[in-house]
Every structure is written in C-alpha cells, then in structure tokens.
Amino acid sequence: MGWLCHYTPVEIFTALGYTPYRLLGREGNNPRAATYLVGNLCPYVQSCLEAAIKQELPLLAGVVIARSCNAMIHLANVWPHYGAGGKTVVLDVPRRFDEDAVFYFSQNLRRLAAELAPPGERQLNEERLWAAITWWEEQRAAWRELLACRAAWEDPPGGKEIMDGLARWQTPLNPQEADKWETVITRLTRQPRVKTARRPRLLLAGSILPRELITMVEECGGLSVFEDSCNGMRLLLAPAARAEGDPYLYLARLYLGGPPCPRMVGDREKRRQYWAAAVDRFRIQGIIYHAMKFCDAAMYDYIALKVFSEKKGLPLLRLDGDFSGGNRGQWQTRLEAFLEMLGVE
Ligand code: SF4
C-alpha cells in the first residue's frame, strides 16, 4: 500500500496485511506529470506522479494520500485517473495538536481502516492493530538508539548512510523484506567509518530532503548529524502517552504529537523547541535549509528558522531546490563558501 506524507499511520496498513511502501519521488524532470498538474506545484509531488505514469513503482494495492498541503490536495484529485491504479484513499490531517484535533484525526483513521479493509471485513480487529503498533514502535525505538549514537559519537555514521537506510526501511517490497529492518539498522551501527571529528556538525532541514543535497554536503566536507525532514528524523516518533484504550486515539496522538513538520502552523513553538533540543543534543555548528520550490509551508518555516538561528548565533545557509537532481552547479559554490566559514579547508 503506497503512502506519501509522514502523518500517515502505517500501523493500520500492517494490521490489515498490507506492506507499507513510501513514495519517495524520483530524480529528473517530470514532463508527463506536468501535463496533469499545474507547473508551479511541489516538485516532489510531481515526481511521485511521474513515477506512477512511467510505471516505475512496484505493483500497489492502492495509495493513501494525506491532504497535508495544497500540492497533496491536487495530487489526490489526479491520482485516481493517472496514478498507479488500485484504491486511492484520502486522509485529512489537522494542522495543530490539541485534544479536539486528536479526536477528529482518530475518527479519520477509523474511517481509513474501514476503507482499506478487505471486502467482508468492515471493522479492523483492535488486537491486530495493537500488535502492529508494537511492531512499528520496536523499529522506531531501534532507530532512535542509532540516533543516540549519532549524538554521542565524534565519528557517527554520515547523513547519507542514515538517509539511505531510512529510505530502504520505508520501501520494502514484501513482508519478508520489512522484517529485515533490524539488519539494516545494525549494519549502520557496525560498519567501519572514517574519522570525522573535524568536520562541522550540521543540521539539515526542510520539508523533504533530496538525497543529492546530503551527498554533496558530505562530499564538500560537512557532516550531517540531524535531518529535520519528513523523510528523516521526523519519522522516528516517540511513543505517545496512554498506550491503551482506543488504538485510533493512540495513533492520532502519536502522529500529531510527534516532531511537527512545517505544515503544522498551530505548532510553531513546539517546532522551535524541537530545533533547540536537536542543536544542543547533536552539538550543531551550522544549519542548511533546503527550500523546496513552490512549497509555501517551507517558506514560512525558513523564516522561523532564520529567527531561531540568529538568536542562537548559528550560521544558516538556504539552498533552493526543485527535487530534480540537477541543482549541483547552483549549490556547490555556496556550500563550499559556507563550509569554509565553518572551518573546512
Ligand atoms: S514539500 Fe511542501 S508542498 Fe511538497 S508535499 Fe511536502 S509540504 Fe507539500
């Protein structure tokens, strides 16, 4: 079952017997998607549609599209006609975290489970859902342990290795592959690493971070130790309080109460606290913000991060990108100058 936004509770898919598969977009231009979506729309969203049209995705039973931003709403409109086939189910996600929002979201999740249930099975068995919640929590806990190593070690695994591992973790092709998650995480903690103590420790932020940016940052001598993005550390939700009673309420609290993404306009202060905690714990020396072209949420978020970094006295570099993989030339010079300022020779 395909999914896009990190506010999609994959536990429901697992409980229903689906293998959750994250659509992470593709590199390159999106000429075919651009015929169905307006041109000035999020390139990540365009690239997911392009991948579907070009049949680059595995066979999917359906896709759940969270209407988390304007671009996703457009995608939800065209996907049933030009997407990858199977069911298209949309999920509304509140933009704030309080008890009303939790209750509303829990009702949406209950509806989602009913819509995805196989014919004849109207109600998802709650025991199965709790078992899936536990299974996912074990995985996230293992990732969070790796995160603790990244914070403590002078030579932690680089951002590229971690992000590649997270991408593999989110895109298993079958349940057997999904069960191998522990191997992916263990390999990351054990693999030999070069000494990186003198590389500046960086926070990379944005709505979704392209692989090429992290690769380039590390090729130019920086070390990404925290990726604040919806394909990065925001996935590693910490368990919510009260893991009992209604599993839908639990899931609603878990996802809405996790690290807020730029779209959570009602949660700005929490987002600032999240950055502050990451800066202290990961001993951040500089911040790079990837501003996705046409993403309004990213623009507001960047302004808030700029204010935050000025107060903290942390250097901040903004790089604009279109998720196409063709930004290297534009980024390289500015990145090198920024890293030189942070002491990279
Ligand atoms: S990057 Fe921005 S516009 Fe694109 S899907 Fe995410 S929040 Fe929406």
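Residues numbered from 1 in each chain as written. Predicted model: local features only at pLDDT ≥ 70, side-chain atom pairs only at ≥ 80, totals over all residues. Heavy atoms only, no water.

Asks: How would you summarise the overall build of the chain if you had to cite specific residues and measurements?
Replies: For the chain, the count of helices and strands is 13 helices and eight strands. Its C-alpha atoms give the chain a radius of gyration of 20 Å, within 12% of the compact-globule value 20 Å for 345 residues. Projected onto its principal axes, the C-alpha coordinates of the chain cover approximately 65 × 45 × 40 Å. For the chain, the residues scored as buried account for 56% of the 345 residues in total. Once local pairs closer than 6 in sequence are excluded, the contacts in the chain between residues at least 24 apart make up 72%. (Helix = DSSP H or I, 4+ residues; strand = E, 2+ residues; numbered from the N terminus. Rg over C-alpha atoms; globule rule 2.2 N^0.38 Å. Buried < 20%, exposed > 50% of the residue type's maximum accessible area, 1.4 Å probe, protein only. Contact = heavy atoms within 4.5 Å.)

Asks: Run through the site of the ligand, naming residues and quoting values.
Replies: What surrounds the ligand is the set Cys42, Tyr44, Val45, Cys69, Ala71, Met72, Ser207 and Cys295. Breaking the shell around the ligand down by element, the ones donating at least two residues are helix H2 (43-53) and helix H3 (70-82). (Near = heavy atom within 4 Å.)

Asks: Can you break down the sheet that holds strand S6 (residues 223-228) residue by residue, with the values?
Replies: Strand order in this open sheet of four strands is S6-S5-S7-S8, and the pairing throughout is parallel. Each end of this open sheet is capped by a strand with a single partner; those strands are S6 and strand S8 (316-321). Taken pair by pair, the neighbouring strands of this sheet meet at an average axis angle of 25°, ignoring direction. Pairing of strand S7 (residues 286-292) with S8 involves six bridges; the strand directions are parallel. Bridge pairing in S8 links Ile287 to Leu316. (Pairing = 2+ DSSP bridges. Axes fitted to C-alpha atoms, helices over the stretch in contact; angles between N-to-C directions.)

Asks: Please set out helix H12 (residues 296-312) residue by residue, giving values where relevant.
Replies: With 17 residues, H12 ought to run about 24 Å at 1.5 Å a step, and its terminal C-alpha atoms sit 25 Å apart, in line with that. Taken as a whole, H12 has its buried residues at Ala297, Ala298, Asp301, Tyr302, Leu305, Phe308 and Ser309. The buried side chains of H12 occupy one side of the element, clustering within an arc of 130° when seen end-on. Along H12, the residues that are exposed and aim more than 90 degrees away from the buried face are Asp296, Tyr300, Ile303, Glu310 and Lys311. Of the surrounding elements, those touching the buried residues of H12 are strand S5 (201-206), helix H11 (268-281), S7 and S8. Count one or two residues on from H12 and you reach Gly313, which has phi positive near 70°. (Expected span 1.5 Å × (residues − 1). Arc of directions from axis to C-beta.)

Asks: Quick one: what's the story with the sheet that holds strand S2 (residues 21-22), residue by residue and with numbers?
Replies: The strand order across the open sheet formed by four strands is S2-S1-S3-S4, and the pairing between neighbours is parallel. The two strands at the open ends of the sheet, each matched to only one other strand, are S2 and strand S4 (87-92). Of the strand pairs in this sheet, strand S1 (residues 2-3) and strand S3 (residues 62-67) are connected by two bridges, and their pairing is parallel. From the neighbouring strand, Trp3 faces S3, where its bridge partner is Val64. Its contacts with the sheet put H3 on S3 and S4, and the angle it makes with S3 is roughly 155°.

Asks: Which residues make up the pairing of S5, and what values go with them?
Replies: In the case of a regular strand, side chains alternate between the two sheet surfaces. Of all the six residues making up S5, six are buried; the element is thus mostly covered by neighbouring parts of the structure. The two faces of S5 match: Arg201, Leu203 and Ala205 on one face and Leu202, Leu204 and Gly206 on the other face are all buried. At this point the chain moves from S5, through helix H9 (residues 211-219), to the parallel S6, and the crossover so formed is right-handed. Sheet topology note: the S5/S7 ladder contains five bridges and is parallel. Each bridged residue has a counterpart across the sheet, and for Gly206 the counterpart in S7 is His290. (Right-handed = clockwise from strand over helix to strand, strands pointing away.)

Asks: I'd like a description of the pattern of salt bridges, backed by residues and values.
Replies: Per the counting criterion, the structure on display carries 20 salt bridges. The partner of Lys160 in a salt bridge is Asp164, with the nearest N and O atoms 3.5 Å apart. One end of the pair is Lys160 and the other is Asp164, both in helix H6 (residues 159-170) and four residues apart, which spans about a single turn. Judged by relative accessible area, which is 19%, Asp164 ranks as buried. Of the charged contacts, one joins Asp228 and Arg271 as a salt bridge, the two residues approaching to 2.8 Å between their closest N and O atoms. (Salt bridge = Lys/Arg side-chain N within 4 Å of Asp/Glu carboxyl O.)

Asks: Requested: an account of the packing of aromatic side chains, with residues and values cited.
Replies: This structure, assessed with the given rule, holds 10 aromatic pairs. Between Tyr36 and Tyr82 the ring centres are 3.7 Å apart and the planes differ by 10°, which places this aromatic pair in the stacked class. Of this pair, Tyr36 sits in the loop between S2 and H2 while Tyr82 sits in helix H3, and the two are 46 residues apart along the sequence. Site record: aromatic cluster; members linked through ring pairs are Trp135, Trp136, Trp143 and Trp169. Across from the ring centre of Tyr7, 5.5 Å away, lies the NZ or CZ of Arg263, which sits over that ring. The ring of Tyr302 carries Arg318 above its face, with NZ or CZ at 5.1 Å from the centroid. (Phe/Tyr/Trp six-rings, centres within 6.5 Å; stacked < 30°, edge-to-face > 60°. Lys NZ or Arg CZ within 6 Å of the ring centre and 35° of its normal.)

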